[in-house]
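# Coordinate analysis (summary)
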Amino acid sequence: MKKTLLLFVFILAYCVTYSQAVLQDSSNTGLTATDYLKKSKKQKTGGWILFSISAVSGISGFALLLDETGNALSDTGNDIGTIFGGANQPNNYKDGRATTGAVLMAVGAASLISSIVLFSSSGKNKRKAVTVSYISTQIPFLSAKGTIASNSIPSVVLRIRL
C-alpha cells in the first residue's frame with residue numbers, strides 16, 4: 001500500500017510539473033531605460049546602506065579590539081572603553097569582546113565590499129539607460145531635375161530617457 005501511494009504521488013507530481021510555461025513574446029524580454037534607472041537608484045540606496053553598516057560595524061569592532069589590547073581605551077575614565085565594558089571585567093569576558101570585535105570588523109569588511117559591488121552595478125545600469133545608437137536619417141533634398149529626392153545620412157543618436 002505504501003509503495004502504491006508513493007507511486008501515485010510521484011505520478012501526480014510528474015503530471016503537474018511536466019513542463020514550463022513558454023513566453024509568448026521572447027523578443028521583448030529586455031528592460032527599458034526607466035527600469036534601468038529605477039534599478040540603478042535602488043542599488044545606489046542599497047550601496048549607501050551597506051556602506052553605513054560597514055562604517056559602524058568596522059569602527060565598533062576596532063574599538064573593541066583596541067579595548068581588549070589595552071592600547072588606549074581600557075584605562076580611560078569616561079571614554080569609549082567604559083562604554084564597551086571598562087577595565088574591571090574578567091579575562092574570559094575580555095576574550096569574548098575581542099572575538100566580537102574581530103567578527104564586527106569582518107562584517108564591516110564584507111559590507112564594504114558588497115557596497116562597492118552595488119555602487120559599480122548602479123553605475124553600469126545607469127550607463128545602460130543612456131544609450132548611444134547609430135541610425136541612418138533620410139534627408140530630403142532638391143535634385144538637379146527639380147524633383148525632391150531623399151538621401152541617407154548616418155547619424156549618432158544619444159537617448160536620455162527621463
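Residues numbered from 1 in each chain as written. Predicted model: local features only at pLDDT ≥ 70, side-chain atom pairs only at ≥ 80, totals over all residues. Heavy atoms only, no water.

### Brief notes about the overall build of the chain
As a reminder, the rule being used: Each helix is a run of DSSP H or I of at least 4 residues and each strand a run of E of at least 2, with the numbering of both proceeding from the N terminus. Exposure is judged per residue with a 1.4 Å probe applied to protein chains only, and the accessible area is read against the type maximum: over 50% gives exposed, under 20% gives buried, and values in between give partly exposed. Contacts: residue pairs with any heavy atoms within 4.5 Å of one another.
For the chain, the helix and strand inventory stands at four helices and two strands. When the elements of the chain are put in sequence order from the N terminus, they spell out α-α-α-α-β-β. Within the chain, the fraction of its 162 residues that count as buried is 15%. Counting only contacts in the chain whose residues sit at least 6 apart along the sequence, the fraction spanning at least 24 positions is 56%.

### So, the packing of aromatic side chains
Heads up, the condition is: Two rings from Phe, Tyr or Trp (for Trp, the six-membered ring) form a pair when their centres are within 6.5 Å of each other. A pair whose planes differ by under 30 degrees is stacked, one over 60 is edge-to-face, and the rest are tilted.
Taken as a whole, this structure holds two aromatic pairs when the rule is applied. For the pair Trp 48 and Phe 51, a centre-to-centre distance of 5.9 Å together with 90° between the ring planes defines the contact as edge-to-face. One end of the pair, Trp 48, and the other, Phe 51, are both in helix 2 (residues 33-69), three residues apart, so they sit about a helical turn from each other. Ring centres of Trp 48 and Phe 119 lie 5.2 Å apart, and the angle between their planes is 75°; this geometry places the pair in the edge-to-face category. Of the two residues, Trp 48 sits in helix 2 while Phe 119 sits in helix 4 (residues 91-129), which places them 71 residues apart along the sequence.

### Comments concerning the side chain of Ser 40
The topology assignment puts Ser 40 in helix 2. Setting aside chain neighbours within four positions, we find Ser 40 in contact with Ser 122, Asn 125 and Lys 126.

### A closer look at the side chain of Gln 43
Within the secondary structure, Gln 43 is located in helix 2. If sequence neighbours within four positions are ignored, Gln 43 has contacts with Leu 118, Ser 121, Ser 122 and Asn 125.

### Thoughts on a positive patch on the surface
What counts is decided by this rule: Like-charged residues are merged into a patch within 9 Å and nonpolar side chains (Val, Leu, Ile, Met, Phe, Trp, Tyr) within 5 Å, provided each residue has over 30% relative accessible area and no salt bridge. Using the Shrake-Rupley algorithm and a 1.4 Å probe, accessible areas are obtained, with residue cover drawn only from the displayed protein chains. We count a salt bridge whenever a side-chain nitrogen from Lys or Arg sits within 4 Å of a carboxyl oxygen from Asp or Glu. Within this scheme the basic residues Lys and Arg register as positive and the acidic residues Asp and Glu register as negative, but His and the chain ends are omitted. Each charge is placed at NZ for Lys, CZ for Arg, CG for Asp and CD for Glu.
A contiguous patch of positive charge, built from Lys 39, Lys 124, Arg 127 and Lys 128, is present on the exposed surface. Considering each element in turn, the positive patch owes the most residues, three residues, to helix 4. Looking at the element boundaries, Arg 127 is found in helix 4. Looking at Arg 127, the relative accessible area reads 59%, which means it is exposed.

### Some details on a nonpolar patch on the surface
On the surface, a nonpolar cluster with roughly 400 Å² of combined accessible area is contributed by Leu 5, Phe 8, Val 9 and Leu 12. If you trace the backbone, Phe 8 turns up in helix 1 (residues 2-16).

### A word on the environment of Gly 101
In this fold, Gly 101 is placed in helix 4. Here Gly 101 falls in the buried class, since its relative accessible area comes to 0%. Each C-alpha atom of the pair Gly 101 and Ser 57 lies 8.7 Å from the other, and the pair is 44 residues apart in sequence. Discounting residues that sit within four places of it in the chain, Gly 101 has contacts with Gly 61, Leu 64 and Leu 65.

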